[in-house]
Amino acid sequence: MARIVAGIGSSHVPAIGAALDNGKTEEPYWKRIFSGFEKSQAWMRETKPDVAIIVYNDHASAFSVEMIPTFALGCAAEFPPADEGWGPRPVPVVKGHPALASHIAQSVILDEFDLTICNKMEVDHGMTVPMNLLFGKVEKSGHWPCPVIPLAVNVVMYPPPTGHRCFMLGRAIRKAVESYPEDLKVVIFGTGGLSHQISGPRAGLINSKWDKNFLDNLSSNPQKLVKIPHIDYMREAGAEGIEMVMWLIMRGALDDKVDEVYRFYTVPASNTAVGHIILANRGRGGARKSAAKAAAKPKRSAGKLKRAAARAKVERIRG
Ligand SMILES: [Fe+2]
């Protein structure tokens, strides 16, 4: 039987992908961000998932206002990186898992969630940036470490799905995975956010208090999050903060009680708060053990953290 061993939440800021692609990861501004994912990459190398389901949103790359699926599941054998205006990112084509994806589509649709099935789809930074953050840099000529099933969610055009709907879809995805006969270790990503607004009078809005509270509840009290209406995300986390509902699909696919393996939060990246969390299931195949090892590595010193915070402040003022 396949099983979901862990959920990963990660921002998918496009500028992070650009920093990686343009060799800027050692610059202090970006190193502050990339170093926050080093333990996560160690955890991922130890966990070695067979498949990753990645919940993300398309940013007018595969879809446009002409066609807006609320939930679109990638069932293709591969997903090329999209050209987002400056050429496709120099990352490998993402290999899919059509058999598991089709099984999930059947199970979830018969469970009354009306997914759009995509047998051809390009994927943008919303998916490839979190893949780099968790899997590391992979040359275009190389291979991602595991097949990926993309799940694109509309959070770009009103109306996006509610947090409750997302959470329940996560539940249905878990049920689908657990009814797949092959013994596969699956991880699920929720991506996007955290607080940010990219245009209008409130452009640059970041609400760290809201973000940290969201991460706390995601870990230990997700039912509190499923009741949050869209207007609260918009008001508190900015217009694009609504992307955070996608993290609830990931959370819905996990046990009620999970082990928080790792968390990282920093501001800003570009003009966005960067949030990241790894939550491990406790049941059979849960990814708790390897996580504990990865998390046991020494933490950055208080001095280093202070210096990083000061740099972040300076960059925010510049930027
Ligand atoms: Fe996004």
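Right, let's walk through the structure included here.

Procedures and definitions
- Within every chain, residues take consecutive numbers counted from 1 along the sequence as written.
- Where totals are concerned, whole chains, interfaces and linings use all residues; where local detail is concerned, this predicted model gives features only for residues with pLDDT of at least 70, and gives and counts side-chain atom pairs only at 80 or more.
- Only heavy atoms go into the side-chain values, all of them from the structure, while hydrogens and water stay out.
- Burial classes follow relative accessibility: with a 1.4 Å probe on protein chains only, a residue under 20% of its type's maximum area counts as buried, one over 50% as exposed, and anything between as partly exposed.
- What counts as a helix is a DSSP run of H or I of at least four residues, what counts as a strand is a run of E of at least two, and both are numbered from the N terminus.
- Criterion used throughout: strands pair if DSSP finds at least two bridges between them.
- Contacts between residues were defined by any pair of non-hydrogen atoms, one from each residue, lying within 4.5 Å.
- The disulfide criterion is simple: two cysteine sulfur atoms within 2.5 Å.
- Coordination here is defined by N, O and S atoms within 2.8 Å of the metal (3.2 Å for Na, K and Ca), and since water is not considered, a site can look incomplete.
- Take the buried Ala, Val, Leu, Ile, Met, Phe, Trp, Tyr and Cys residues and link them wherever side-chain atoms come within 4.5 Å; each set so joined is a nonpolar core.
- Working convention: axes come from line fits to C-alpha atoms, limited for helices to the stretch in contact. Angles between N-to-C directions cover 0 to 180 degrees.

**A short note on the pairing of strand S8 (residues 185–191)**
Among the 7 residues that make up S8, 6 are buried, leaving the element largely enclosed by the rest of the structure. In terms of strand pairing, strand S1 (residues 3–10) meets S8 through 7 bridges, oriented parallel. Bridged to Ile4 within S8 is Val186.

**Here's the deal with the environment of Ala6**
Mapped onto the elements of the fold, Ala6 is located in strand S1. Sequence separation between Ala6 and Lys185 is 179 residues, and the spatial gap between their C-alpha atoms is 9.2 Å. Those residues in contact with Ala6 that sit more than four places away from it in its chain are Trp43, Val186, Val187, Ile188, Leu254, Leu279, Ala280, Asn281 and Ala287.

**A short note on the state of the cysteines**
Here the structure, examined in full by the defined rule, presents 0 disulfides. No disulfide involves Cys118; its sulfur sits 7.8 Å from that of Cys75, the nearest cysteine.

**Observations regarding the coordination of the iron ion**
Every protein donor of the iron ion is listed here as His12 (NE2), His59 (NE2) and Glu243 (OE), and their distances to the metal cover 2.0 to 2.1 Å. For the iron ion, all donor residues lie on one chain, and their spacing in sequence is H-x46-H-x183-E. Of the two residues, His12 is situated in the loop between S1 and helix H1 (14–21) and His59 in the loop between strand S2 (51–56) and strand S3 (71–74); the sequence distance between them amounts to 47 residues. Overall, the relative accessible area of 3% leaves His12 in the buried class.

**Quick look at the nonpolar core**
Counting residues in hydrophobic clusters, the biggest one holds 56 residues, and the most contacted among them are Ile104, Leu151 and Ile173. The biggest single contributor to this core is helix H6 (residues 163–178), with 7 residues. Once residues lying within four places of it in the same chain are set aside, the contact partners of Ile173 are Ile53, Ile104, Val108, Leu151, Ile188 and Ile249. Val13, Phe34, Ala72 and Val261 belong to the second-largest nonpolar core, a separate cluster that totals 47 residues.

**Overview of the environment of Arg202**
Among the structural elements, Arg202 can be located in the loop between S8 and helix H7 (208–220). Residues Arg202 and Gly238, spaced 36 residues apart in sequence, show a C-alpha to C-alpha distance of 7.6 Å.

**A few points about the pairing of strand S10 (residues 272–280)**
Of all 9 residues in S10, 9 are buried; the element is thus mostly enclosed. Side chains of S10 alternate between two faces, with Thr272, Val274, His276, Ile278 and Ala280 and Ala273, Gly275, Ile277 and Leu279 buried alike. Relative to S10, S1 runs antiparallel, the two sharing 5 bridges. The partner of Ser10 across the bridge, within S10, is His276. As judged from the 8 bridges shared by strand S9 (residues 259–269) and S10, these two strands associate in the antiparallel manner.

**Digging into unusual backbone geometry**
Cis geometry is found at the peptide bond from Gly193 to Leu194, where omega equals -5 degrees. Mapped onto the elements of the fold, Leu194 is located in the loop between S8 and H7. For the bond from Val267 to Pro268, the omega torsion is -15 degrees, close enough to zero to count as cis. Mapped onto the elements, Pro268 comes out in strand S9. A positive phi is found at Ala60, a non-glycine position, where the angle reads about 60 degrees. Tracing the backbone through its elements, the reader meets Ala60 in the loop between S2 and S3. Since its relative accessible area comes to 61%, Ala60 is described here as exposed.

**Thoughts on the sheet that holds S3**
Spatially, 8 strands are ordered S6-S3-S7-S2-S8-S1-S10-S9 in an open sheet, and the strand pairing comes out mixed. The open sheet has two edge strands, strand S6 (116–118) and S9, and neither has a second partner. The mean inter-strand angle of the sheet, taken between neighbouring strand axes irrespective of direction, is 20 degrees. Its contacts with the sheet put helix H5 (residues 125–135) on S1, S2, strand S7 (148–153), S8 and S10, and the angle it makes with S8 is roughly 120 degrees.

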